[in-house]
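Architecture at a glance
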Amino acid sequence: RRRPPARADFPGRPGMPDPAEADVRRDLAAAYRLAARRGWDDTVWTHLSASLPGEPGHYLLNRFGLRFAEITAENLVKVDVAGRVVDGSGAPVNPSGFAIHGCIHAARADAHCVLHLHTLWGQALAAIPEGLLPCSQPAMRLFRRLGRHPYEGLAFTADEQRRLVAALGDLDGLVLENHGILTVGRTVGEAFVLMMLIERAAQVQLAAMAATGGRPLVASDAVAAKTYRQWVGDGTAPEGTDEWPALLRSLDD
């Protein structure tokens, strides 16, 4: 995994960057590249964002026009929740990036990372009325932890942003109907691994539905709830604590 030099010049932050910011930049850039390897990107669309420690209201986003595979710690752009570029770079950012991400970062202090993707399996899941069913172990980790937001068109108005935030509440993510999937996390690793779980669960469910005429074997609510509790424990350890270091190492392959 290529790391920036010790005295990398970040846009608007010449010289030695704050160590905490440098760590967030590296993790977020890694998430973009890991997403690209999985085919989760959509040319130059969709976004992964991460808030900055000690800088309330500021978060990092990709420079518009770059593919996920081109994202580095250095070319991430710092914006505020209103979508203004605040790092002095003057870099272009996609308005939909802050329309979705900005309102969530503003509303959820614990949502340090927000992933919104248009993956094949995620979009297929967003196109079926059943939503995510507890028919696999990954789905049970997400039992009653995904909200739903109806499709209202391409542009996100202030009113829709409020509805989006209300649909998310304190959950782990959203199924954006006819659109895609969104996850949030206390860390970049948590949001990324939750997205991995949704992708796998959606793939299993849709394959099972195809094989059974739309009638997959579904666990009871009691079993699904028990499995969720067993999975998360007391909830203090973010999802991905074990997996994220291994995923980072995979970038060296």
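Below: a short report on this structure. Here the structure is a predicted model, which means the values were calculated and not measured.

The subject of this paragraph is the pattern of salt bridges. Taken as a whole and judged by the stated rule, the model has 15 salt bridges. The shortest N-O distance in the salt bridge between Arg148 and Glu177 comes to 2.9 Å. In this pair, Arg148 sits in strand S5 (residues 146–149) while Glu177 sits in the loop between strand S6 (173–176) and strand S7 (180–185), placing the two residues 29 residues apart along the sequence. The exposure class assigned to Glu177 is partly exposed, which follows from its relative accessible area of 22%. Here the residues in one salt-bridge network are Glu21, Arg25, Glu55 and Lys78, joined through shared partners.

Another point: the nonpolar core. Leu48, Phe192 and Trp244 are the most contacted members of the largest nonpolar core, which totals 43 residues. Elements that contribute at least two residues to this core include exactly helix H1 (19–37), strand S1 (47–51), strand S4 (113–117), helix H6 (188–211) and helix H8 (243–250). It is H6 that provides the largest number of residues to this core, a total of 11 residues. Those residues in contact with Leu48 that sit more than four places away from it in its chain are Leu28, Ala31, Tyr32, Leu60, Leu61, Asn62, Phe68, His101, Val114, Leu115 and Leu117.

Our next topic: the packing of aromatic side chains. Within the structure shown, the criterion is met by four aromatic pairs. Centroid distance Phe192 to Trp244: 5.7 Å. Interplanar angle 55 degrees. Geometry classified as tilted. Separated by 52 residues along the polypeptide, Phe192 in helix H6 and Trp244 in helix H8 bring together distant segments of the chain. You can call Phe192 buried: its relative accessible area is 0%. Grouped by ring-pair contacts, the aromatic residues Trp40, Phe192 and Trp244 constitute a single cluster.

Okay, the packing of H1 against H8 next. Two numbers describe a pair of packed helices, the interaxial angle and the distance between the axes. Where H1 meets H8, the closest approach of the two axes is 10 Å, and the angle between their N-to-C directions is 70 degrees. In terms of orientation, H1 lies roughly perpendicular with respect to H8. For the crossing formed where H1 meets H8, the hand is left-handed. Along its contact with H1, which presents Asp27, Ala30, Ala31, Leu34 and Arg37, the element H8 presents Trp244, Leu247, Leu248 and Ser250. Along the lines of polarity and charge, the residues of the contact of H1 with H8 split into six nonpolar, one polar and two charged.

Thresholds applied
Residues numbered from 1 in each chain as written. Predicted model: local features only at pLDDT ≥ 70, side-chain atom pairs only at ≥ 80, totals over all residues. Heavy atoms only, no water. Salt bridge = Lys/Arg side-chain N within 4 Å of Asp/Glu carboxyl O. Helix = DSSP H or I, 4+ residues; strand = E, 2+ residues; numbered from the N terminus. Buried < 20%, exposed > 50% of the residue type's maximum accessible area, 1.4 Å probe, protein only. Core = buried A, V, L, I, M, F, W, Y, C linked by side-chain atoms within 4.5 Å. Contact = heavy atoms within 4.5 Å. Phe/Tyr/Trp six-rings, centres within 6.5 Å; stacked < 30°, edge-to-face > 60°. Axes fitted to C-alpha atoms, helices over the stretch in contact; angles between N-to-C directions. Parallel < 35°, antiparallel > 145°, perpendicular 65-115°, else oblique. Left-handed = near helix turned anticlockwise from the far one by under 90°. Nonpolar A, V, L, I, M, F, W, Y, C, P; charged D, E, K, R; others polar.

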